[in-house]
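Now for the letters of each chain:
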Amino acid sequence: MTELLQIQDVRKTFGIRSSFLGRKKDLVAVEGISLRIPKGRTLGLVGESGSGKSTLANMVTGMLAPTSGQVLIDGQPVHDQKGKVALRGESGAQIVFQDPYSSLNPRMPVAQLLAEPLKVAPKVLMPEREQRVNELLDQVGLPRSARQKYPHEFSGGQRQRIVIARALARRPRLLVCDEPVSALDVSVQSQILNLLKDLQDELGLTYLFIGHGLESVGFMSDEIAVMYLGRIVEQGPAHQVLADPVHPYTQALISSSEAIPFHAGGTVELTGEIPSPLNPPSGCVFRTRCPLVTDICAEAVPALTPRSESRMAACHRR
Amino acid sequence: MSEPLLKIQNLQVSATRSSAKLPVVDGASLSIERGERVALVGESGSGKSVTCFSAMGLLPESLQVTDGSIRYQGSELTALGAEKLRRLRGPEIAMIYQEPLTSLNPLLTIGAQLKEAAGRAKAGRREILEMLDRVGFADPPRILRQRPHELSGGMRQRVMIAMALVGRPKLLLADEPTTALDVTIQSQVLKLMYDLSYDLDTAVLIVSHDLSVVRKLADTVHVMYAGQVVESGPVKEVLATPRHPYTQALLDSAPHMGDTRDRLESIPGIVPTPDQWDQGCRFRSRCPLATEQCEQRPPKVEEDDRASMCWHIDRLVARQQEAAV
Amino acid sequence: MAESTTMSASGTGSVEPAPAKSFSQRSWRSKLRRVPLSGWIGLVLVGVPAVVAIFAPLLMPHSPTEIDPTRALLPPIGMEGYQPGHLLGTDNLGRDLLSRLIEGARISLLIGVLSVVLAGSIGLTVGLAAGYYSKWIDALLMRFVDALLAIPSILLILVILGVLDPGMWTLIFVLGITNWVIYARQIRAEVLELRERQFIRAAQNFGVSGPTILLRHLTPNVMPSFIVLSTLSVATVIVTESGLSFLGLGVQPPDISWGLMLTTGRDYLATAWWISTLPGLAITFTVLGILLLGDWLRDALDPRLAVGR
């Protein structure tokens, strides 16, 4: 199978100045991540806020250039040597954002919103553009009468359909979904998740699906990668990772997603919060919250090593 | 005393817009016993938050209680003046909100804000430090000197909980308290609320759209749809064998751990807006079981401690039994 | 979640709307139908002097500069001593006040509008650029703005007017280049906030160029405050103009502005109050009209308020 997306040992740091004259400090947002997604498949990326998953997404869409390493879509690097975006339109990735309210310009009617990506070089000309807009509305299940309406006239779920339609306008093959349903109501979430699945079947899309909840990511993905503080701690086929997690962090995520009532003995596995990436712990970054921590965890960084044929984990425990 | 701590009966809250009265909550009833944890679930637009806010007497100016009663320990809240209501807040009823950042004043230290909350409840520094310790801060005196921006989202929500509970209120209202937080922090905060409610015998009314939050924390659940409570009962039973098609649909549409389905059930269409509400069942346009009968006001069917408003409970039950086989 | 807002926003989508008319037709008709009373009042208060200013030569009963000492200080209609032909009376030199008000409207409005156009376009450009582009462009522009703000604008005006010859065009120039800083500051602040919104990021992601984002996405979204600022400053500019004319630094005779008329009449307040009161009223009503108009325009340009509710 051919890989559509290849992320090769990507690292991203931001220079942060703590005070006006203070010395610059490197914040490591993403540390040496490698991932690949075969054509037509979905990779789910799970992590809490601060795990670096959005930074990674931004490097895939080209919004951020990696400090080192590179991102390839269909073998083509997303950024050129100077860090400028090299892939646009159908060859690049498009993104579906989390918040359907702020991702649509409130002063543009739907037809204009959907046509906008088509006005960027190589331009799609007028009659064809109109046709494409109608096609997009059909694809995401909105009536054509939506063309003249403004974003505020739609519910959250319908807005997210508009956002998806706009992302599809240039016929990209890779779609980055950055928590596309977490701002929506439960009953609408399932509509959008189903829509994304249908579109994938219909158009042969490849998804990088980002979420902080394991339920929806597990439902959508063929493969899952779990991120913590800029690193991948576990990776493997979705059903295997969810059924039999190796890394204590994945185990904790799963147990906090499982709704066992507290009065029936439901517990909280993880204490504390994700440490600041400005001051990451030595050794294993998860050790400050890990229930299974031992001495070696503070000394050596555990490498992401194969655990079985298709699975990897970064933990000192064997 | 057999009177429940809070009893909301047939509550109607309306938006008054240029002489027209549009109900937002339309005949909601629920009651909370001392120390009980009750959840209100529903989608946005269901009226769940408004119901919660009216128990606090904190409705925005555009909304008014137009019918029904809210009784707190036997006294009618809708009849109380603003000043008396204000005095109830804090020592008797406290509230925490969804967004812990905007709920705290960015310019004041945590200590100053806690003192303000404690002052009304006549709690001193000792109680404040004790409460901060209880909500899980390792070094309470240091937290007192910090300001909201120095804390993470989870820590801020802990501070909010400490502020709400420092006066040992009998009722804690929580409006989507964990929605803005990460999964692992969510369960920390919920566990904290559960433990405190248990230890201090505080009743909790939690508003959420998330069934897993409800399952973890609550004893009793009321499911709201389009301004009405369509189903209520013990959480365990309601979520295992719903007696309303809407509850069933909510359960089916959420992906769960180890989901092997290829598609999720989804509820077609969207929640009807108040101007589309009528006497009949409001879920009928989206309901797989709907018949012509549903155009008439659905009966309230009560059985032991469960209740629901539906014409077709028998068919729903039959379906569940079929699916179980 | 704020139930009331999500609810009102959610309903319309499910209902099939009537087949759409072309966008511009629909919006203009619906916008006109929704003009509130205050909007109409504003339209009239601004429209009358504007029309009068445009057709000034046709409307003036006399030459505004024609001096006739025998007809000095005649009162307006309805007062004792009124003489037909001079509807609003005459000033100390016997010039017809109605004609002078009409001619004054031209210059006063021209100064008000043109200097605001000048200030607004500089301010909008600088504000957009500073807010959207890199940090050092922002720093450079904003330090310059700060420097300008540090100098009292009246001082700056006096200095410039000391160098240049006073007159209408000088005044427009001076008021324009001293007023743009407020626009720049306000617009920049809004752009900084808007820039973080995801629809800007989405546009960048499609490869939409910087200038296009500025024009198509940012400009419409800063328009509400731009309009409010503009109407407020048309008003202040008209008032400043009268102040400067009062000091002899504004419009120079034989040109006429309302501000200048206000000044010439002050010696006669006790005996012939109408000479300065009438232009005063003209200024008051026009400014009020502009403010009302701006208020309505801001709402009308917001799609969230223009349709439905």
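## Things to note about the overall build of chain B
Here is step 1: A tally of regular secondary structure across chain B gives 11 helices and 12 strands.
Here is step 2: A compact globule built from 325 residues should have a C-alpha radius of gyration of about 20 Å, and chain B, at 21 Å, falls within 12% of that.
Here is step 3: Referenced to the eigenvectors of the C-alpha coordinate spread, the extents of chain B come out at roughly 65 × 50 × 40 Å.
Here is step 4: The buried share of chain B, reckoned over its 325 residues, is 56%.
Here is step 5: Considering only intrachain contacts with a sequence separation of at least 6, the fraction spanning at least 24 residues in chain B is 66%.
Here is step 6: With the model as given, the accessible surface of chain B reaches about 14100 Å², and the carbon-plus-sulfur share is 48%.

## Things to note about the overall build of chain A
Here is step 1: Each helix and strand counted, chain A has nine helices and 12 strands in total.
Here is step 2: Scaling as 2.2 N^0.38, a compact globule of 318 residues should have a C-alpha radius of gyration of about 20 Å, and chain A matches this with 21 Å.
Here is step 3: Dimensions along the principal axes, computed over C-alpha positions, put chain A at roughly 65 × 55 × 45 Å.
Here is step 4: Out of the 318 residues belonging to chain A, those deemed buried represent 59%.
Here is step 5: Counted over contacts in chain A with a minimum sequence separation of 6, partners at least 24 positions apart contribute 62%.
Here is step 6: The averaged location of the 32 negative side-chain charges in chain A is 8 Å from the averaged location of its 35 positive side-chain charges.

## Focus: the packing of aromatic side chains
A ring pair, where both rings are aromatic, is described by two values, the distance of the centres and the angle of the planes.
Residue and element names in this part refer to chain A.
Here is step 1: Enumeration according to the criterion identifies 13 aromatic pairs over all chains in this entry.
Here is step 2: Through a chain of ring-to-ring contacts, three or more aromatic side chains come together here, namely Tyr 228, Tyr 249 and Phe 286.
Here is step 3: Above the ring of Phe 154, the side-chain terminus of Lys 149 is found at 5.5 Å from the ring centroid.
Here is step 4: A cation sits over an aromatic face here: Lys 197 above Phe 219, 4.3 Å from the ring centre.

## Thoughts on helix H6 (residues 135-150) of chain C
Residue and element names in this part refer to chain C.
Here is step 1: Over its 16 residues, H6 runs 22 Å from end to end, which matches the ideal 22 Å to within 8%, given 1.5 Å per residue.
Here is step 2: Among the residues of H6, those classed as buried are Asp 138, Met 142, Val 145 and Leu 148. All buried residues of H6 fall inside an arc of 110° around its axis, so they share one side. Turned more than 90 degrees off the buried face of H6, the exposed positions are Trp 136, Leu 140, Arg 143, Phe 144 and Ala 150.
Here is step 3: Buried positions along H6 lie against helix H5 (97-132), helix H7 (153-163) and helix H8 (168-195).

## Digging into the nonpolar core
Here is step 1: With 93 residues, the main nonpolar core has Ile 7, Leu 35, Leu 56 and Val 60 of chain A together with Ile 111 and Leu 218 of chain C as its most contacted residues.
Here is step 2: The element best represented in this core is H5 of chain C, accounting for 13 residues.
Here is step 3: Look past the residues within four positions of Leu 218 of chain C in its chain and what remains in contact with it is Leu 128, Tyr 132, Val 191, Leu 194, Ile 200 and Ile 213 of chain C.
Here is step 4: Core analysis: the second largest hydrophobic core is formed by 67 residues, Leu 104, Leu 144, Ala 164 and Ile 206 of chain B among them.

## A closer look at the domain arrangement of chain B
All names here are of chain B.
Here is step 1: You can read the domains of chain B as domain 1 (1-92 + 169-325) and domain 2 (102-168).
Here is step 2: Taking the mean C-alpha position of each, domain 1 and domain 2 sit 29 Å from one another.
Here is step 3: The interface of domain 1 with domain 2 comprises 17 residues on the first partner and 14 residues on the second.
Here is step 4: When the two sides are added together, the surface that domain 1 and domain 2 hide from each other amounts to roughly 1400 Å², 70% of it contributed by carbon and sulfur.
Here is step 5: In this structure, Asp 199 and Arg 134 form a salt bridge, with 3.2 Å as the shortest nitrogen-oxygen distance.
Here is step 6: For the pair domain 1 and domain 2, the interface holds three residue pairs in polar contact (both at pLDDT 80 or more).
Here is step 7: A per-element tally of the side of domain 1 that touches domain 2 places helix H7 (residues 183-200) first, with eight residues.
Here is step 8: Of the residues belonging to the side of domain 1 that touches domain 2, the class tally is 11 nonpolar, two polar and four charged.

## Comments concerning the sheet that holds strand S4 (residues 68-73) of chain A
All names here are of chain A.
Here is step 1: Spatially, S2-S1-S4-S5 is the arrangement adopted by the four strands of the open sheet, whose pairing is antiparallel. Strand pairing shows two members of the sheet lacking a second neighbour, strand S2 (24-38) and strand S5 (76-77), which therefore form its edges.
Here is step 2: Across 11 bridges, strand S1 (residues 3-17) lies against S2 in antiparallel orientation. Each residue of the ladder has a partner; that of Val 10, found in S2, is Ile 33.
Here is step 3: Against the sheet, helix H1 (residues 53-61) engages S1, S2 and S4, with an angle of about 120° to S1.

## Some words on the packing of H6 of chain C against H8 of chain C
All names here are of chain C.
Here is step 1: The N-to-C vectors of H6 and H8 enclose an angle of 140°; their axes lie 10 Å apart at closest approach. The orientation of H6 relative to H8 falls into the category oblique. When you trace H6 past H8, the crossing you get is left-handed. Seen from H6, the contacting residues are Asp 138, Met 142, Phe 144, Val 145, Asp 146, Leu 148 and Leu 149; seen from H8, they are Trp 180, Val 181, Ala 184, Arg 185 and Arg 188.
Here is step 2: Residue composition of the contact of H6 with H8, by class: eight nonpolar, no polar and four charged.

## Comments concerning a negative patch on the surface
Residues and elements named next belong to chain B.
Here is step 1: Negative charge collects at one region of the surface, where Glu 237, Glu 303, Asp 304 and Asp 305 lie side by side.
Here is step 2: On the secondary structure map, Asp 305 appears in the loop between strand S11 (300-303) and strand S12 (306-309).
Here is step 3: Residue Asp 305 is classed as exposed on the basis of its relative accessible area of 53%.

## Describing the interface of chain A and chain B
Here is step 1: Taken together, the contact pairs 37 residues of chain A with 39 residues of chain B.
Here is step 2: Of the roughly 3400 Å² buried between chain A and chain B, counting both surfaces, carbon and sulfur atoms make up 58%.
Here is step 3: When the buried area of chain A at its contact with chain B is split by residue, Val 186, Phe 262 and Glu 273 of chain A rank highest and sum to 20% of it.
Here is step 4: At the boundary of chain A and chain B, one finds two salt bridges.
Here is step 5: Ionic pairing is found between Asp 262 of chain B and Lys 197 of chain A, a salt bridge with its closest N-O pair at 3.7 Å.
Here is step 6: One can count 16 residue pairs in polar contact (both at pLDDT 80 or more) joining chain A with chain B.
Here is step 7: Of all the secondary-structure elements, those providing two or more residues to the side of chain A that touches chain B are helix H5 (186-203), helix H6 (214-220) and helix H8 (248-257) of chain A.
Here is step 8: Split into classes, the residues belonging to the side of chain A that touches chain B amount to 14 nonpolar, 15 polar and eight charged.

## Focus on the pairing of strand S3 (residues 37-41) of chain B
All names here are of chain B.
Here is step 1: With five of five residues buried, S3 is to be regarded as a mostly interior element.
Here is step 2: Neither face of S3 is open: one carries Arg 37, Ala 39 and Val 41, the other Val 38 and Leu 40, and all of them are buried.
Here is step 3: Looking at chain direction, S3 and strand S8 (residues 203-208) are connected through five bridges and run parallel. When the sheet's bridge partners are listed, Leu 40 is paired in S8 with Val 207.
Here is step 4: Bridge count for S3 against strand S9 (residues 220-225) is four bridges, and the pairing is parallel. Of the residues in S9, the one forming a bridge with Val 38 is Thr 220.

## Some points on the sheet that holds strand S12 (residues 312-313) of chain A
All names here are of chain A.
Here is step 1: Taken together, the eight strands give an open sheet; going across it, the order is S6-S7-S8-S3-S9-S10-S12-S11, and neighbouring strands pair in mixed fashion. Each edge of the sheet is formed by a strand with only one pairing partner; in this case those strands are strand S6 (93-96) and strand S11 (305-306).
Here is step 2: Inspection of the sheet shows S11 paired to S12 by two bridges, in the antiparallel sense. Directly across from Pro 306, in S12, lies its bridge partner Met 312.
Here is step 3: In this fold H1 packs onto strand S3 (42-46), S6, strand S7 (174-178), strand S8 (206-211) and strand S9 (223-228), with an angle of close to 155° to the strand it touches most, S7.
Here is step 4: Along the sheet face, helix H4 (residues 156-168) touches S6 and S7 and points at about 175° away from the line of S6.

The rules behind each value
- Residues numbered from 1 in each chain as written.
- Chains lettered and ligands numbered in written order.
- Predicted model: local features only at pLDDT ≥ 70, side-chain atom pairs only at ≥ 80, totals over all residues.
- Heavy atoms only, no water.
- Helix = DSSP H or I, 4+ residues; strand = E, 2+ residues; numbered from the N terminus.
- Rg over C-alpha atoms; globule rule 2.2 N^0.38 Å.
- Buried < 20%, exposed > 50% of the residue type's maximum accessible area, 1.4 Å probe, protein only.
- Contact = heavy atoms within 4.5 Å.
- Areas by Shrake-Rupley, 256 points an atom, 1.4 Å probe, with all protein chains shown as cover.
- Lys, Arg positive; Asp, Glu negative; His and termini not counted.
- Charge placed at Lys NZ, Arg CZ, Asp CG, Glu CD.
- Phe/Tyr/Trp six-rings, centres within 6.5 Å; stacked < 30°, edge-to-face > 60°.
- Lys NZ or Arg CZ within 6 Å of the ring centre and 35° of its normal.
- Expected span 1.5 Å × (residues − 1).
- Arc of directions from axis to C-beta.
- Core = buried A, V, L, I, M, F, W, Y, C linked by side-chain atoms within 4.5 Å.
- Domains from an automatic or database assignment.
- Buried area = accessible area lost by both parts, 1.4 Å probe.
- Salt bridge = Lys/Arg side-chain N within 4 Å of Asp/Glu carboxyl O.
- Polar contact = N/O pair within 3.5 Å; in protein donor to acceptor, adjacent residues only side chain to side chain.
- Nonpolar A, V, L, I, M, F, W, Y, C, P; charged D, E, K, R; others polar.
- Pairing = 2+ DSSP bridges.
- Axes fitted to C-alpha atoms, helices over the stretch in contact; angles between N-to-C directions.
- Parallel < 35°, antiparallel > 145°, perpendicular 65-115°, else oblique.
- Left-handed = near helix turned anticlockwise from the far one by under 90°.
- Patch = residues over 30% accessible without salt bridge, like charges linked within 9 Å, V, L, I, M, F, W, Y side chains within 5 Å.

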